[in-house]
Amino acid sequence: MKIPFYGLKIPNSNQIILSEIESRHCIKVLRHKIDDRVQVLDGRGNLYNCSIFSDNLRECILDIIDTDSKDRNSCELHIVIVPPKNPDRVDWFIEKSVEMGASRVSFAISDRSVRNKIKLERLERISIAAMKQSCSRYKLKIDDIMPLSSVLTQIDADQRLIPHLEEGKRILIQKALKPKKSTCILIGPEGDFTPDEIKVAIDNDFKPVSLGNRRLRTETAAIMVVGAFNYVNGY
């Protein structure tokens, strides 16, 4: 199966325009020509079968032949994560989040953060590449990094969970997750959230949960909760 391109439909038309990067890959690298058939994802649920109308290297234009649309899942998963120090791990996490169907990722700064910046444009490129490779229909929404307290004010999920390592009664995340609910899960740094941060999260309706007896890397914990969410919802 050929990897589709990424592009957006031109408003009030039956055509798609590709960015310069996608155009060059289509025409120069893959050597497509006018009237060749290609597929395009728009990150909004649509897969277009197209033919090449203009082979301009900077702005390739495609005619839409037909469209296959797919609705979003009935419930969405929002991961809030304190990014690890190694940027390669962040890249890996974004790639796998797309492949596994997460809807949104927000980056947070906590008291034990080791990073207060992310390369948002790079992560957007990685997410688009992963979307194309896995033929996922929806583009991952990625929020720039901000203080945890600010992130918490933007959460609107019905189900909110915070895995942490503090002592106290916590149930396994697989048992805590309820199906068919929009969900937000907080993933802390490898030193864990501070007790004050956990209290603030609980005050914002987050329920403490456990990921089991193993101590996991930040990005591993994040992918584990995506898998648990998918399992509970039958995705």
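In this report, we go over the structure that sits alongside the text.

1. A closer look at the pairing of strand 12 (residues 207–210)
Bridge analysis of strand 9 (residues 159–163) against strand 12 gives 3 bridges, and the strand direction is parallel. In the strand pairing of strand 12, Ile162 is matched with Pro208. With 2 bridges joining them, strand 10 (residues 171–172) and strand 12 adopt parallel strand pairing. Counterpart to Ile171 in the pairing with strand 12 is Val209.

2. Observations concerning the pairing of strand 9
With 5 of 5 residues buried, strand 9 is to be regarded as a mostly interior element. Burial along strand 9 is two-sided: Gln159, Leu161 and Pro163 and Arg160 and Ile162, pointing in opposite directions, are all buried. By the bridge criterion, 3 bridges tie strand 9 to strand 11 (residues 183–187) in an arrangement that is parallel. Note on strand 11: the bridge partner recorded for Leu161 is Ile185.

3. Structural notes on the packing of helix 2 (residues 87–100) against helix 7 (residues 218–233)
Contact pair helix 2 / helix 7: the axes reach a minimum separation of 10 Å and the direction vectors enclose 5°. As far as their axial angle goes, helix 7 and helix 2 are roughly parallel. The segment helix 2 lies against helix 7, with Arg89, Trp92, Phe93, Lys96, Ser97 and Met100 engaging Glu219, Ala222, Ile223, Val226, Gly227 and Asn230. Residue classes in the contact of helix 2 with helix 7 are distributed as 6 nonpolar, 3 polar and 3 charged.

Reading the values: rules and limits
- Numbering of residues starts from 1 in each chain and follows the order in which that chain's sequence is written.
- Local features are withheld for residues below a pLDDT of 70 in this predicted model, meaning they are given only at 70 or higher, and side-chain atom pairs are given and counted only at 80 or more; totals for whole chains, interfaces and linings count all residues.
- By convention in this description, side-chain values take in all heavy atoms of the structure and omit both hydrogens and water.
- A pair of strands is considered paired only if DSSP assigns at least 2 bridges between the two.
- Each helix is a run of DSSP H or I of at least 4 residues and each strand a run of E of at least 2, with the numbering of both proceeding from the N terminus.
- The classification of residues rests on relative accessible area computed with a 1.4 Å probe and restricted to protein chains. Under 20% of the type maximum is buried, over 50% is exposed, and intermediate values are partly exposed.
- A fitted line through C-alpha atoms serves as each axis, taken over the contacting stretch for helices, and the angle formed by two N-to-C directions is quoted from 0 to 180°.
- Note on terminology: angles under 35 degrees are roughly parallel, angles over 145 are roughly antiparallel, angles of 65 to 115 are roughly perpendicular, and the others are oblique.
- Contact criterion: two residues are considered in contact whenever any of their non-hydrogen atoms come within 4.5 Å of each other.
- Nonpolar residues are Ala, Val, Leu, Ile, Met, Phe, Trp, Tyr, Cys and Pro. Charged residues are Asp, Glu, Lys and Arg, and all others, Gly as well, are polar.

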